[in-house]
Amino acid sequence: MEIHKSLISDHNQKGLTEHQRKFSCIKNEISDADGIIQKLRAFQIAIPSWALGTGGTRFGRFPEGGEPRDLEEKIEDIGLLHALNKSSGAISLHIPWDIPTEPEAIKDLANHHGIRFDAMNSNTFQDQKDQKLSYKFGSLQHVDWAVRQQAIAHNIEVIGRGIELGSKSLTVWLSDGSSFPGQLNFRKAFQNTLEGLKEIYAALPSDWKMFVEYKAFEPNFYSMTVGDWGQSLLYANKLGPKAFTLVDLGHHLPNANIEQIISLLLMERKLGGFHFNDSKYGDDDLTVGSVNPYQLFLIFNELIEGLDNHGIDHATGLGWMIDTSHNLKDPLEDLLQSVEAIKIAYAQALLIDRKELAEAQTSNDVVAAQEILQSAFRTDVRSLLAEARLLGGGALNPIDFFRESKVRSRLIHERGSKSIATGL
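Cut-offs and rules
- Residues numbered from 1 in each chain as written.
- Predicted model: local features only at pLDDT ≥ 70, side-chain atom pairs only at ≥ 80, totals over all residues.
- Heavy atoms only, no water.
- Core = buried A, V, L, I, M, F, W, Y, C linked by side-chain atoms within 4.5 Å.
- Buried < 20%, exposed > 50% of the residue type's maximum accessible area, 1.4 Å probe, protein only.
- Helix = DSSP H or I, 4+ residues; strand = E, 2+ residues; numbered from the N terminus.
- Contact = heavy atoms within 4.5 Å.
- Pairing = 2+ DSSP bridges.
- Axes fitted to C-alpha atoms, helices over the stretch in contact; angles between N-to-C directions.
- Polar contact = N/O pair within 3.5 Å; in protein donor to acceptor, adjacent residues only side chain to side chain.
- Parallel < 35°, antiparallel > 145°, perpendicular 65-115°, else oblique.
- Left-handed = near helix turned anticlockwise from the far one by under 90°.
- Nonpolar A, V, L, I, M, F, W, Y, C, P; charged D, E, K, R; others polar.

Visitor: Looking at this structure, how should I read the nonpolar core?
Guide: Grouped burial of nonpolar side chains is what soluble globular proteins tend to show. Judged by nonpolar contacts, the single largest core of 106 residues is most densely connected at Phe 274, Phe 300, Leu 303 and Leu 384. Here this core gets eleven residues from one element, more than from any other, and that element is helix α10 (residues 331-350). The residues contacting Phe 300, other than those within four sequence positions of it, are Phe 43, Phe 276, Trp 320, Ile 342, Ala 345, Tyr 346 and Ala 349. Trp 50, Ala 90, Trp 97 and Met 321 belong to the second-largest nonpolar core, a separate cluster that totals five residues.

Visitor: Help me out: how do you make sense of the sheet that holds strand β12 (residues 271-276) in this one?
Guide: Remark on secondary structure: sheet strands pair via backbone hydrogen bonds, oriented parallel or antiparallel. In space, the six strands of this open sheet follow the order β6-β7-β9-β11-β12-β13, with parallel pairing throughout. Only two strands of the sheet have a single partner each, and these edge strands are β6 (120-121) and β13 (319-322). Direction of pairing for strand β11 (residues 243-248) relative to β12: parallel, over a ladder of four bridges. Its bridge partner lying in β12, Val 247 is registered against Phe 274.

Visitor: Hey, could you run me through the sheet that holds strand β5 (residues 116-117) in this one?
Guide: Strands sit in the order β1-β4-β5 across an open sheet of three strands; the sheet is parallel. Each edge of the open sheet carries a strand with a single partner, namely β1 (47-48) and β5. Sheet analysis places β1 next to strand β4 (residues 90-92), joined by two bridges and oriented parallel. Bridge pairing in β4 links Ile 47 to Ile 91. Against the sheet, helix α3 (residues 71-85) engages β1, β4 and β5, with an angle of about 140° to β4.

Visitor: What should I look at first to understand the side chain of Gln 141 in this one?
Guide: Secondary-structure assignment places Gln 141 in the loop between β6 and α5 (145-165). Among the polar contacts made by the side chain of Gln 141, one reaches the side chain of Thr 225 at a distance of 2.4 Å. If we skip the residues at most four places from it in the chain, Gln 141 touches Arg 148, Asp 176, Gly 177, Leu 184, Ala 189, Asn 192, Thr 193 and Thr 225.

Visitor: Quick question: what am I supposed to make of the packing of helix α1 (residues 5-29) against helix α13 (residues 382-392) here?
Guide: For any two helices packed against each other, one specifies the crossing angle of their axes together with the interaxial distance. Between α1 and α13, the shortest axis-to-axis distance is 9 Å and the interhelical angle comes to 130°. Taken together, the axis directions place α1 and α13 in an arrangement best described as oblique. As for the relative orientation of α1 and α13, their crossing is left-handed in sense. Every residue of α13 that contacts α1 at Asn 12, Leu 16, His 19, Lys 22, Phe 23 and Ile 26 is listed here: Ser 383, Leu 384, Ala 386, Glu 387 and Leu 390. Of the residues that constitute the contact of α1 with α13, the class distribution is six nonpolar, three polar and two charged.

Visitor: Whenever I open this one, unusual backbone geometry confuses me. Can you help?
Guide: If a residue is not glycine, its phi is most likely negative; likewise, a peptide bond is most likely trans. Ile 95 connects to Pro 96 through a cis peptide bond whose omega is 20°. For Pro 96, the location among the structural elements is in the loop between β4 and α4 (103-112). Here the phi dihedral of Lys 86 falls at roughly 55°; this positive angle occurs in a residue that is not glycine. Residue placement: Lys 86 occurs in the loop between α3 and β4. With a relative accessible area of 26%, Lys 86 lands in the partly exposed category. We note that Asn 255 has phi near 70°; this positive angle belongs to a residue other than glycine. Among the secondary structure elements, Asn 255 is positioned in the loop between β11 and α8 (258-267).

Take it as geometry only, folks, not as evidence of what the structure does.
This is how it looks when you write it as structure tokens:
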């Protein structure tokens, strides 16, 4: 389904006076409000194709109904999100869940909705239908050369499909590892994986990037072959200038200082992108900003400092993508919340007076440094985001519009109450 601009305009008209009041207040309080709004408008966050259906756990899944049944409907759903928030102008495909049968037609559909193709994601953590060899004991790390070659060939296939769509990057996440001591030779597993990544890297076009994603645990619980940012950085450095580390916020042990990791990766020019989510215990894949909004703000503080220091464009310098699993929520509402949380943290971090913060740090004024950060964090920037959406033709309040317009009910009417999206 598509949302007519007139419906969004009617929705905005009802809340326009209150919005203008709030926006006028914050515009008088901060400097360069217009500049921040322009940065907010440019900052787009990719929606993964697998996040448009209800998530689940190994214990169960409770679909919403009206979920997209194919890639075309997934693109339509992202187009719906983008029409409302003007910040979801990209899709990240997962292969083989979402193989386009007619790439040109899919590109035309995406263009119609103002959507580009972000990173392509390979899948060697599952055995697919008619797959010859199993990944039960790993893919690129596997002791069997034939299994490794199968995984390499799949990643190269994914690159080819990305070239057809206009993507410029490949994300490799490996579930490889071990669950019991003695199961695996760590050194050989690392070397096998490196050799496989080198073959995949060699297949990248000259203007592509490879993102090496890491994860501390799951599905293996004793070791992971790419278990932390250091291992990912080691691979990226060994592979070459087109290889980078990808940070998933949930892929860390509890209490990890993610913002420090980001700062160092930026310093080394090896930070490639993000998978945004939130967590309480581990890789919970919760709605972005639902548990640790201050940590998200601190991450953006380091991002802006590092990006500006290297002269990297905020909107295009890194890959920005959501990776959440909305087990209890309407997937589209969850994604609207996640995008909003990301943009809020970004806007708050843009408010930080970098000169004052640097002076406080140089003079070891710990109290002043804390006040500078928390003053920005405590600023309600939602009217800035709303103004950016308004200027782009989006909704002042996307979730209110979604509910008032009964979007989910309309999707169920079109697609049925039993439709389930492909993916996990």
